[in-house]
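Structural features, examined
One-letter residues, chain by chain:
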Amino acid sequence: MEEFVVRGQNKRSPANDAISPRKKIKLERMKQEEEEEEEDEFSHPVPWQKIEAEGLDCDYALLFSKEEADHLLKQLEEEVVYSTGEEAKVQIFGKVYDIPRKQATHGDAGLTYTYSGVARLACPWTPTLEYIRDAVTKATGQTFNFVLVNRYKDGRDHMGEHRDDEKELDPLCPIASVSLGAPRDFVFRHRDTRGKRTRRQIEPVKLELAHGSLLLMNSPTNTFWYHGLPVRKKISLPRVNLTFRRILLDQKKRPSVDSQQGTSD
Ligand SMILES: O=C(O)CCC(=O)C(=O)O
């Protein structure tokens, strides 16, 4: 599989083989500087776009070219086995519902992640999930030990508004969301503007998540803002979304900032 950033050409020429020691040291230093530059380039593969609002801090970029994103989606369609039975359900205010999409959880051995009232055990990383995880790490400098995979067969599949603020998530690590397949609208809504308790007028933040894109939800976004993927009936193509997370290994978990209302239906 191709690297998503093309590394620089090797500028060494045969004439460099017969050179004085001083010139050689200089050339070595230049080569080292060039490599450092390449590392910098690699850690910022494409221009990041900052998305900000009160208490919302996100970064968005196109991580993969169309060709690579097509290839990754195809691979994931072959590799990922989605949950069935109890794990394909959510509990909302005590009632159990089928999830309106398919889900799978992968990660480091032994990790579990509990949300919407159901505990999910991580299946081992697949080669493609590992490849995408490493590309996200190279682009962000963050490491991840878990990924939630959501598959939307078409625009009728969706995800209800929720916050990813579970106790077991490392609050210092952004949630890194990679999208492959049909572009879909993604909506953030401030917690003070929801439901009957509407206390303030804050506009929702709406994005379209493109094929091959990466959205970073940085702290404190998930404290103040809910996010969801609404129904879009005209969309007939599938989409796969991967949210890479870092789960705390220390079981003395931090208290939840606010109670999650189990709304990620
Ligand atoms: O599919 C999406 O973009 C939404 C995913 C999401 O909200 C989540 O995994 O918490």
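Residues numbered from 1 in each chain as written. Predicted model: local features only at pLDDT ≥ 70, side-chain atom pairs only at ≥ 80, totals over all residues.

**Overview of the overall build of the chain**
Our working definition: Helix numbers and strand numbers start at the N terminus; a helix is a DSSP run of H or I with at least 4 residues, a strand a run of E with at least 2. Neighbour density around each residue's C-beta defines its exposure: 20 or more other C-beta atoms within 10 Å make it buried, 12 or fewer make it exposed, and counts between make it partly exposed, where C-beta atoms are placed from the backbone. Think of it this way: build a C-beta for each residue from its backbone, and any pair within 7 Å is a contact.
For the chain, the count of helices and strands is 4 helices and 15 strands. The buried share of the chain, reckoned over its 265 residues, is 30%. Considering only contacts within the chain whose residues lie at least 6 apart along the sequence, 80% involve residues at least 24 apart.

**Section: the sheet that holds strand E14 (residues 225-229)**
This is how the line gets drawn: Only strands joined by at least two bridges in the DSSP assignment are considered to pair. Whenever a helix is involved, its axis is fitted only over the stretch in contact; in every case the axis is a line through C-alpha atoms, and angles between N-to-C directions fall within 0 to 180 degrees.
If you trace the 4 strands from one edge of the open sheet to the other, you get E9-E14-E11-E12, paired in antiparallel fashion. Either end of the sheet is taken by a strand with one partner, and the two such strands are strand E9 (159-162) and strand E12 (205-209). Neighbour to neighbour, the strand axes of the sheet diverge by 15° on average, direction disregarded. Of the pairings in the sheet, the one linking E9 to E14 comprises 2 bridges and is antiparallel in character. Bridge assignment links histidine 162 to a residue of E14, and that residue is histidine 227.

**Quick word on the site of the ligand**
Stated precisely, the cut-off is as follows: Only the C-beta atom matters for nearness: placed from the backbone, it must lie within 6 Å of the molecule or strand for the residue to count as near. By the convention adopted, Pro, Cys, Tyr, Trp, Phe, Met, Ile, Leu, Val and Ala count as nonpolar, Lys, Arg, Asp and Glu as charged, and the other residues, Gly among them, as polar.
Near the ligand the following residues occur: Leu148, Asn150, Met159, Asp164, Ser177, Phe186, Leu209, His227, Leu229, Asn241 and Thr243. Every element with two or more residues in the shell around the ligand is listed here: strand E8 (146-152), E14 and strand E15 (239-245). Each residue belonging to the shell around the ligand can be placed in one class, and the counts come to 5 nonpolar, 5 polar and 1 charged.

**Some words on the environment of threonine 114**
Relative to the elements of secondary structure, threonine 114 occurs in strand E6 (residues 112-115). Separated by 53 residues in the primary sequence, threonine 114 and lysine 167 place their C-alpha atoms 9.2 Å from one another. Setting aside residues no more than four positions away along its own chain, threonine 114 makes contact with Ala119 and Glu166.

**Some remarks on helix H3 (residues 127-140)**
As a reminder of what qualifies: Every helix has an expected span of 1.5 Å times one less than the residues it contains. The arc under discussion is defined with respect to the helix axis, by the directions toward the C-beta atoms.
Over its 14 residues, H3 runs 20 Å from end to end, which matches the ideal 20 Å to within 8%, given 1.5 Å per residue. Those residues of H3 that fall on the buried side of the exposure criterion are Thr128, Leu129, Ile132, Arg133, Ala135, Val136, Ala139 and Thr140. All buried residues of H3 project into a common sector of 160° when viewed along the axis, lining one side. What points out from H3, more than 90 degrees from its buried face, is the exposed set Pro127 and Asp134. One or two residues past the end of H3 sits glycine 141, with phi positive at roughly 80°.

**Some remarks on the UniProt feature "binding site: 2-oxoglutarate" (unreviewed entry) in the chain**
Formally: UniProt positions are given in the numbering used here, feature names are shortened, and annotations may be inferred rather than shown by experiment.
On the UniProt side, "binding site: 2-oxoglutarate" (unreviewed entry) is annotated at positions that read Asn150, Tyr152, His162, His227, Arg239, Thr243 and Arg245 here. For histidine 227, the location among the structural elements is in strand E14. Setting aside residues up to four positions removed in sequence, histidine 227 forms contacts with Glu161, Phe186, Val187 and Phe188. The topology assignment puts threonine 243 in strand E15. Judged by the 18 C-beta atoms lying within 10 Å of it, threonine 243 is partly exposed. When residues no more than four places from it in sequence are discounted, the contact partners of threonine 243 are Val147, Leu148, Ile175 and Ser177.

**So, the nonpolar core**
Keep this limit in mind: In plain words, the nonpolar core is the set of buried Ala, Val, Leu, Ile, Met, Phe, Trp, Tyr and Cys residues that C-beta atoms within 7 Å link up.
Counting residues in each nonpolar core, the largest one holds 40 residues, and the members touching the most others are Val136, Val147, Ala176, Val178 and Leu214. In this structure, valine 136 is in contact with Phe144, Ala176, Val178, Leu214 and Phe244, ignoring residues within four places of it in sequence.

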